[in-house]
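# Results of the structural survey
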Amino acid sequence: DWSSVVCSSDLSDDVSATLYYPYLAVQDDTDQAATTTTAAYIMSFSTTDYSLGASLENSTKLKVNYSGLYNIQFSAQFVNSTNDVQSVDIWFKKNGSNIANSNSVFGIKPRKSSGTDRQMIAALNFFVALAKDDYVEIAWRPSDIGVSIEHFGTQTTPTRPSTPSIIATMAYLSSNGYTSNIYTM
């Protein structure tokens, strides 16, 4: 409920107000595979852990209800089942279009042995200005279809929690003027 939120870019120091900043935390507990190296794939999420003023839509879209500058962070558990070094490109899309200069290339070593894939965590954060109802998606493309995003169930000896295939968060940083810490509607 945003009705108790103070929305002003001109708050004096003597005003006492409680402010809420939009955020979103999502994850996925499934494997995600590519069927070709010539297409972009959009990372999908199955669970919303926390949200306020932002939401997960259609399992891929990190959507905001308030304009501002946002920090988007993710980590993805990649595996390489091939005998060769592979790579994966990961970039951000805003409202369905690629965001300029947002691609990163991650290298993955060859599998350790037959039946023992190589794992690699890809993680980064990215600042992006968003207007109300804008959304961000995280895209990826492997150099070989032997590279996929994988989750792991709970482990034993010792007991360990499950490993999501992808975790992503979005946190509000500043208004679109980038000069105040008060969001705008």
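One structure accompanies this document, and this report is about it. Computed from a prediction, not measured in an experiment: that's the story for all the values here.

## A closer look at the environment of Gly146
Tracing the backbone through its elements, the reader meets Gly146 in the loop between strand S12 (135-142) and strand S13 (147-149). When sequence neighbours within four positions are dropped, the list of residues in contact with Gly146 reads Val79, Asn80, Ser81 and Thr82.

## Quick word on the environment of Glu150
The topology assignment puts Glu150 in the loop between S13 and strand S14 (166-174). The spacing of Glu150 and Ala33 is 117 residues in sequence and 8.3 Å in space, taken between C-alpha atoms.

## Some thoughts on the nonpolar core
Counting 35 residues, the largest nonpolar core has Met43, Phe74, Phe78, Ile90 and Trp140 as the members making the most contacts within it. Ignoring sequence-local partners within four residues, the contact set of Ile90 consists of Met43, Phe74, Phe78, Ser102, Asn103, Ser104, Phe106, Ala122, Ile138, Ala139 and Trp140.

## Considerations on the environment of Thr47
Along the polypeptide, Thr47 turns up in strand S4 (residues 47-52). Since its relative accessible area comes to 29%, Thr47 is described here as partly exposed. Along the sequence, Thr47 and Asp29 sit 18 residues apart, while their C-alpha atoms lie 8.0 Å from each other.

## Considerations on the pairing of strand S5 (residues 54-57)
One ladder, built from four bridges, connects S5 with strand S6 (residues 61-64); its direction is antiparallel. In the strand pairing of S6, Leu56 is matched with Leu62. Linking S5 back to S6 in an antiparallel pair, the connection comprises three residues, with Asn58 at a positive phi of about 55 degrees.

## Observations concerning the packing of aromatic side chains
Scanning the entire structure with this criterion turns up six aromatic pairs. Their ring planes at 70 degrees and their centres at 6.1 Å tell us that Phe74 and Phe92 sit as a pair that is edge-to-face. Residue Phe74 is found in strand S7 (residues 68-80), and its partner Phe92 is found in strand S8 (residues 86-94); the two are separated by 18 residues along the sequence. Phe92 shares its class with Phe74; the two are buried. Taken together through their ring pairs, the aromatic side chains of Tyr21, Tyr70 and Tyr172 make up a single cluster. Above the face of the Tyr135 ring, Lys61 is positioned so that its terminal group lies 4.6 Å from the ring centre.

Parameters and conventions
Residues numbered from 1 in each chain as written. Predicted model: local features only at pLDDT ≥ 70, side-chain atom pairs only at ≥ 80, totals over all residues. Heavy atoms only, no water. Helix = DSSP H or I, 4+ residues; strand = E, 2+ residues; numbered from the N terminus. Contact = heavy atoms within 4.5 Å. Core = buried A, V, L, I, M, F, W, Y, C linked by side-chain atoms within 4.5 Å. Buried < 20%, exposed > 50% of the residue type's maximum accessible area, 1.4 Å probe, protein only. Pairing = 2+ DSSP bridges. Phe/Tyr/Trp six-rings, centres within 6.5 Å; stacked < 30°, edge-to-face > 60°. Lys NZ or Arg CZ within 6 Å of the ring centre and 35° of its normal.

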